[in-house]
Structure formats: structure tokens, C-alpha cells
Amino acid sequence: MNILKMIGMICLGLVMLIVTVGVISRLVGHPLLGVVELAEIIHFVVILFAFAYTQSKKEHISIGLLVDRFSPKVQMIFDNIAYLLTVSVCMVISYVFFTISMEETKRTLLFDFPFRILKIIVTIGFFVWGLVSLSQIRFKTPLEKKGVTTDV
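The rules behind the values
- Residues numbered from 1 in each chain as written.
- Predicted model: local features only at pLDDT ≥ 70, side-chain atom pairs only at ≥ 80, totals over all residues.
- Heavy atoms only, no water.
- Helix = DSSP H or I, 4+ residues; strand = E, 2+ residues; numbered from the N terminus.
- Rg over C-alpha atoms; globule rule 2.2 N^0.38 Å.
- Buried < 20%, exposed > 50% of the residue type's maximum accessible area, 1.4 Å probe, protein only.
- Contact = heavy atoms within 4.5 Å.
- Areas by Shrake-Rupley, 256 points an atom, 1.4 Å probe, with all protein chains shown as cover.
- Lys, Arg positive; Asp, Glu negative; His and termini not counted.
- Charge placed at Lys NZ, Arg CZ, Asp CG, Glu CD.
- Phe/Tyr/Trp six-rings, centres within 6.5 Å; stacked < 30°, edge-to-face > 60°.
- Patch = residues over 30% accessible without salt bridge, like charges linked within 9 Å, V, L, I, M, F, W, Y side chains within 5 Å.
- Salt bridge = Lys/Arg side-chain N within 4 Å of Asp/Glu carboxyl O.
- Expected span 1.5 Å × (residues − 1).

Residues and numbers for the overall build of the protein, please.
Summing up its helical and strand segments, the protein has five helices and zero strands in all. Reading the helices (α) and strands (β) of the protein from amino to carboxyl end gives α-α-α-α-α. Taken against the 2.2 N^0.38 rule, which gives 15 Å for 152 residues, the C-alpha radius of gyration of the protein at 21 Å runs more than 25% over that of a compact globule. Across its three principal axes, the protein shows a C-alpha extent of roughly 70 × 35 × 25 Å. By the burial criterion, 29% of the 152 residues in the protein qualify as buried. Long-range pairs, those at least 24 residues apart, make up 74% of the contacts in the protein with a sequence separation of at least 6. Roughly 10500 Å² of accessible area belongs to the protein as shown, and the carbon and sulfur atoms make up 71% of that amount. Put simply, the protein has 14 plus and 10 minus side-chain charges, and the middle of one group is 6 Å from the middle of the other.

Structure (C-alpha cells):
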């Protein structure tokens, strides 16, 4: 998942550079057109790939009030159900945005950047998030992998 971290760092570095150049050019009296639009497009990429990166680190917010009281095996089953739901939702969103992107003809105002590419980025972002969630499905608890049996 280092590639997701690199994409995020590069995009955030670009946003900082673009905004800095935009502010300095405005102070000098020659504002650049499209600074806000370009920063928004790059933020879009950062946000979508942040979902997958956060999932890979298992840092999404979860509330285990009820589930934490169960045995590790039952907790694993609930986790797997949550992962399967995440995979399902991500794949549906990916499919919908992919089919919509094939028909998209609109473009941004200043840069004439095609919305189709933005929708393909949504497709890729949710698809990667779904793949990361799929990779986290477990069939054995950490204790079972060590040879310790647990009761359900």
C-alpha cells in the first residue's frame, strides 16, 4: 500500500505548490486562472485513494460495543461480514461510475478537463478500496493460526 501513500504525498505536494504559486501570483498582481479548479481536481484524487489507504491500515472508524463482547471467532465472522459488505458496495459504485463515465461528455470550465477522467478516478478509487477490503477477509483467528483452539 506504499503506492497509495506515494500518490497521496505527490498529490498533496502538488496542491501545496499550486496554491502557493496562486497566492504569490495574486500578491504580485497577476492572478493565475484555474488554481482553484486544479486544486479541487487533485483533492478529488487524494480523497478517493485515502479510502483504500485507510482501509489497508485498518483505521476506519468502527464501534465494537457489541462485537467486542464475543469470542475471537465470532468477532472474525462479524469483521468478514463487514468486509464483504464493503467489497459489495465498492464494486457496485465502481461499476456504476464506470458505466456512467463511458457516456460522459461534460468538461470543466477553465481547463476543459473531461469529467470522464474524474469518474474513472472514482471507479479506480472504489475498486482499489474494494480489493483492499477483500484482501482483509480472514478464515482463521490469530489464535487459531498459532494452533490454539477457541470456543464459539
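Moving on from the model shown.
An account of the packing of aromatic side chains is needed here, citing residue identities and associated values.
Taken as a whole, this structure holds four aromatic pairs when the rule is applied. For the pair Phe-51 and Phe-126, a centre-to-centre distance of 6.0 Å together with 45° between the ring planes defines the contact as tilted. With Phe-51 in helix H2 (residues 35-56) and Phe-126 in helix H4 (residues 115-135), this residue pair connects regions lying 75 residues apart in the sequence. On the basis of relative accessibility, which here comes to 29%, the residue Phe-51 falls in the partly exposed class. Phe-126 sits in the buried class, given a relative accessible area of 14%. The interplanar angle of 25° and the centroid separation of 5.8 Å between the aromatic rings of Phe-70 and Phe-78 together place this pair among those described as stacked. Here a set of aromatic residues connected by ring pairs shows up, and it is made of Phe-51, Phe-126 and Trp-129.

Mind laying out a nonpolar patch on the surface, listing which residues take part and the relevant values?
On the surface, Ile-61, Ile-63, Leu-65, Leu-66, Phe-70, Ile-77, Phe-78, Ile-81 and Leu-85 cluster together into a nonpolar patch covering about 1000 Å² of accessible area. For Phe-78, the location among the structural elements is in helix H3 (residues 72-101). A relative accessible area of 38% places Phe-78 in the partly exposed class.

I'd like a description of the pattern of salt bridges, backed by residues and values.
The tally for this structure, following the rule as stated, stands at three salt bridges. Note that Glu-104 is salt-bridged to Lys-119, the shortest N-O span being 2.6 Å. In this pair, Glu-104 is assigned in the loop between H3 and H4 and Lys-119 in helix H4, connecting sequence segments 15 residues apart. One salt bridge connects Asp-112 with Arg-107, and the closest N-O pair in it is separated by 3.1 Å. Overall, Asp-112 belongs to the partly exposed group, its relative accessible area being 41%. Here Arg-107 falls in the partly exposed class, since its relative accessible area comes to 42%.

Quick rundown of the environment of Phe-139? Include the residues and the values.
In this fold, Phe-139 is placed in the loop between H4 and helix H5 (142-145). Accessibility expressed as a relative area gives 71% for Phe-139, which makes it exposed. Here the alpha-carbon distance between Phe-139 and Leu-33, two residues 106 residues apart in the chain, equals 54 Å.

I'd like a description of H3, backed by residues and values.
Across its 30 residues, H3 extends 42 Å between first and last C-alpha, which sits within 8% of the 44 Å expected from 1.5 Å per residue. Within H3, burial applies to Val-74, Met-76, Asn-80, Tyr-83, Val-87, Cys-90, Ser-94 and Ser-101. Against the buried residues of H3 lie H2 and H4.

As far as function goes, none of this settles anything; it's purely spatial.
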